[in-house]
Amino acid sequence: MQVIRNSLDTTPGPSTWFTGTVFIDTVVAPTATSRLSASLVHFAPGARTAWHTHPNGQTIYVTEGVGLAQCRGAPIEVIRPGDRVTFAPGEEHWHGAAPNRFMTHLAMLEVDEAGNNATWGVHVTDEEYGQPPVPTTW
Ligand code: MN
């Protein structure tokens, strides 16, 4: 067992990968014997990832706020604390905060043989982001 004290600086999400203000806290970094990568990602209102894929898929677990997620060709889904969202390997998608709410999620994935966690594409436009989400009943 190893207790790792709170020692890694919070990192701003790079503007090549995100729109808006995003901060990332590393939870688990891959090692020589484990491909697990986990990060706590904090999105300001309106902030979101660019379109992207993950070589081995991804699960996000919403811990705070209200968020949005979308796969290419499907409508936007509203996501809330306790929701788990899984993305299949190679499935193009984005995730982020709602326009008027912060959102935090734990992002978990396995990197590929070369250590890659994602392939990044174009940014999500304001028009794409502004499409009405699937109505929710909660
Ligand atoms: Mn993702």
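Here is what the cut-offs are and how they apply
- Residues numbered from 1 in each chain as written.
- Predicted model: local features only at pLDDT ≥ 70, side-chain atom pairs only at ≥ 80, totals over all residues.
- Heavy atoms only, no water.
- Donors = N, O, S within 2.8 Å, 3.2 Å for Na, K, Ca; no water.
- Buried < 20%, exposed > 50% of the residue type's maximum accessible area, 1.4 Å probe, protein only.
- 1 Å grid on protein atoms, 1.4 Å probe; cavity = no way out; pocket = protein on both sides within 12 Å on 5 of 7 lines; lining within 4 Å.
- Points joined across faces, edges and corners; volume = space filled by probe spheres on them.
- Helix = DSSP H or I, 4+ residues; strand = E, 2+ residues; numbered from the N terminus.
- Nonpolar A, V, L, I, M, F, W, Y, C, P; charged D, E, K, R; others polar.
- Core = buried A, V, L, I, M, F, W, Y, C linked by side-chain atoms within 4.5 Å.
- Contact = heavy atoms within 4.5 Å.
- Pairing = 2+ DSSP bridges.

### Re the coordination of the manganese ion
Part 1: Bound to the manganese ion are the protein donor atoms His52 (NE2), His54 (NE2), Gln58 (OE1), His93 (NE2) and His95 (NE2), situated 2.1 to 2.2 Å from the metal.
Part 2: Positions of the donor residues of the manganese ion, expressed as sequence spacing, correspond to H-x1-H-x3-Q-x34-H-x1-H. Of the two residues, His52 and Gln58, both sit in the buried class.

### Concerning the layout of surface pockets
Part 1: Its boundaries defined by the atoms lining it, the largest pocket holds a volume of some 430 Å³.
Part 2: When contributions to the lining of the largest pocket are tallied by element, the ones reaching two or more residues are β1 (11-12), β3 (22-28), β4 (36-43) and β12 (103-110).
Part 3: Among the residues making up the lining of the largest pocket, the classes are represented as 15 nonpolar, 11 polar and no charged.

### Considerations on the nonpolar core
Part 1: Core analysis: the largest hydrophobic core is formed by 16 residues, its most contacted members being Val22, Val41, Phe43, Ile60, Ile79, Phe87 and Met103.
Part 2: Sorting the residues of this core by element identifies β3, β4, β7 (58-65), β8 (67-71), β10 (84-87) and β12 as the ones contributing at least two each.
Part 3: Beyond its immediate chain neighbours, meaning those up to four positions away, Met103 contacts Val41, His42, Phe43, Val62, Glu64, Gly65, Val66, Gly67, Ile79, Gly96 and Ala97.
Part 4: Core analysis: the next-biggest nonpolar cluster, separate from the first, contains 9 residues, Val66, Leu68, Ile76 and Trp94 among them.

### Details of the environment of Leu106
Part 1: For Leu106, the location among the structural elements is in strand β12.
Part 2: On the basis of relative accessible area, Leu106 is assigned to the partly exposed category, the value being 22%.
Part 3: Separated by 65 residues in the primary sequence, Leu106 and Val41 place their C-alpha atoms 6.3 Å from one another.
Part 4: Setting aside residues up to four positions removed in sequence, Leu106 forms contacts with Val27, Ala38, Ser39, Leu40, Thr59, Ile60 and Tyr61.

### So, the sheet that holds β7
Part 1: The 6 strands are arranged β1-β3-β4-β12-β7-β10 in an open sheet whose pairing can be described as antiparallel. Strands with a single pairing partner mark the edges of an open sheet, and in this sheet they are β1 and β10.
Part 2: One ladder, built from 4 bridges, connects β7 with β10; its direction is antiparallel. Residue pairing for β10: Ile60 is matched across the bridge by Val85.

### Some remarks on the pairing of β7
Part 1: Of the pairings in the sheet, the one linking β7 to β12 comprises 6 bridges and is antiparallel in character. Bridging from a neighbouring strand, Val62 pairs with His105 of β12.

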